[in-house]
Structures are given as C-alpha cells and as structure tokens.
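A look at the structure
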Amino acid sequence: QVQLVESGGGLVQAGGSLRLSCAASGGTFSWYAMGWFRQAPGKEREFVAAISWSGVSTVYAESVKGRFTISRDNAKNTVYLEMNSLKPEDTAVYYCAAPRPSRGWRTQWQVADFASWGQGTQVTVSS
C-alpha cells in the first residue's frame, strides 16, 4: 500500500498561490493515478483534481478549473497541486490519495474510489 505525505500548505491571502506536494512511498507510484481532495470545516471531503499514471490525463473540479494545476513526476514519486488565484472558499485541509487497484482512469472521482490517503495539509486563504 502506497504511503502519502502532503506538504506545502499554509496561510495565504486571497489571490495568492501555493504549491502542494505529495510524496509517495511503499508502492509502485507510477502504477497509480493520483488525486487531490479537500475538506473544509463542516463539509464533506470533496474532489479537487486527478491525474493518470502517465500524467497524460487530468481532470478538475469545476470550482478549481483554470486556477489549479495537477502534475506529477514519477521519477521523484511526487504529485503536485499548483493553486493560483486562491479564494477564501478554497480554505480546507488538502489530501492526496491513491485509488483502489481496481479503479481505472475516469473523469469523475469520489472518496470511495481511493484506498490510500495522506495526512492532509492545511490551506487557509484569508480575505
């Protein structure tokens, strides 16, 4: 089972940028599609972005499309989430996740599709 560790969160003003990283170990990273989710206070964990094992295919939640970019470097066993034009509504704990082995690539992802989760990194966007 792949182990995931997020980093890069912090406090930023609205309109600012952050770049999150997710380092993977304990599995064959390049075999996994990878996803980012977030969970705001009092809300369910929601999908943010996903990237295929090759990095060729990506998909984003409508709320972040055009502002966030997911990428990966399989040689470094790392997936990234570049977040630009941040809004207060982006405030959440951000988690990276690896899907269950049975899940192939898809354009719609949900929490149940993922088996491995990082510990999360807090992103706070102030007004």
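A few points on the structure. Positions within a chain are numbered from 1, following the residues in the order the chain's sequence is written. Local features in this predicted model are restricted to residues of pLDDT 70 or higher, and side-chain atom pairs are both shown and tallied only at a pLDDT of 80 or more, whereas totals for entire chains, interfaces and linings draw on every residue. Derived side-chain values reflect all non-hydrogen atoms in the structure, with water molecules and hydrogen atoms excluded from consideration.

**So, the state of the cysteines**
Cysteine sulfur atoms that come within 2.5 Å of each other are treated as a disulfide pair. On inspection of all chains with the given rule, the structure shows one disulfide. A disulfide bridge connects C22 with C96, and the sulfur atoms are separated by 1.8 Å. On the S-S bond that ties C22 to C96, the torsion sits near 55°, and the link is right-handed. A residue pair is termed long-range when its members are at least 10 positions apart, and C22 in strand β3 (residues 18–25) and C96 in strand β9 (residues 92–99) qualify at 74 residues. Assigned by exposure class, C22 and C96 land together as buried. For the purposes of this entry, the term helix denotes a DSSP run of H or I that reaches at least four residues, the term strand denotes a run of E that reaches at least two, and both are numbered from the N terminus. A 1.4 Å probe rolled over the protein chains alone gives each residue an accessible area, and that area as a share of the maximum for its type sets the label: buried under 20%, exposed over 50%, partly exposed in between.

**Quick notes on the sheet that holds strand β7 (residues 68–73)**
Taken in spatial order, the four strands line up as β1-β3-β8-β7 in an open sheet, and their pairing is antiparallel. If you trace the sheet from one side to the other, it starts and ends with β1 (3–7) and β7, each paired once. Within this sheet the neighbouring strands show an average axis-to-axis angle of 15°, counted without direction. Following DSSP output, two strands are said to pair if at least two bridges run between them. Of the strand pairs in this sheet, β3 and strand β8 (residues 78–83) are connected by six bridges, and their pairing is antiparallel. Each bridged residue has a counterpart across the sheet, and for L18 the counterpart in β8 is M83. Axis lines are fitted through C-alpha atoms, for helices just across the contact stretch, and the angle between N-to-C directions can take any value from 0 to 180 degrees.

**Looking at the environment of D90**
When you line up the elements, D90 lands in the loop between β8 and β9. The residues contacting D90, other than those within four sequence positions of it, are R38, R67, F68, S85, V123 and V125. Any N or O atom pair separated by 3.5 Å or less is treated as a polar contact, with the protein-specific requirement of one donor-capable and one acceptor-capable atom, and with residues adjacent in sequence counted only for side-chain atom pairs. Only 2.7 Å separates the side chain of D90 from the side chain of R67, close enough to count as a polar contact. We call two residues in contact when some of their heavy atoms are within 4.5 Å.

**So, the pattern of salt bridges**
Side chains that differ in charge, positive against negative, can pair when their charged atoms come close. Between Lys or Arg on one side and Asp or Glu on the other, a salt bridge is scored when a side-chain nitrogen of the former is within 4 Å of a carboxyl oxygen of the latter. Going through the model one piece at a time under the given rule, you end up with five salt bridges. A salt bridge links E46 to R38, with the shortest nitrogen-to-oxygen separation between them at 2.7 Å. Among the ionic pairs, K65 bridges to E62, the shortest N-O distance being 2.5 Å. Look at K65 and you get partly exposed, because its relative accessible area is 46%.

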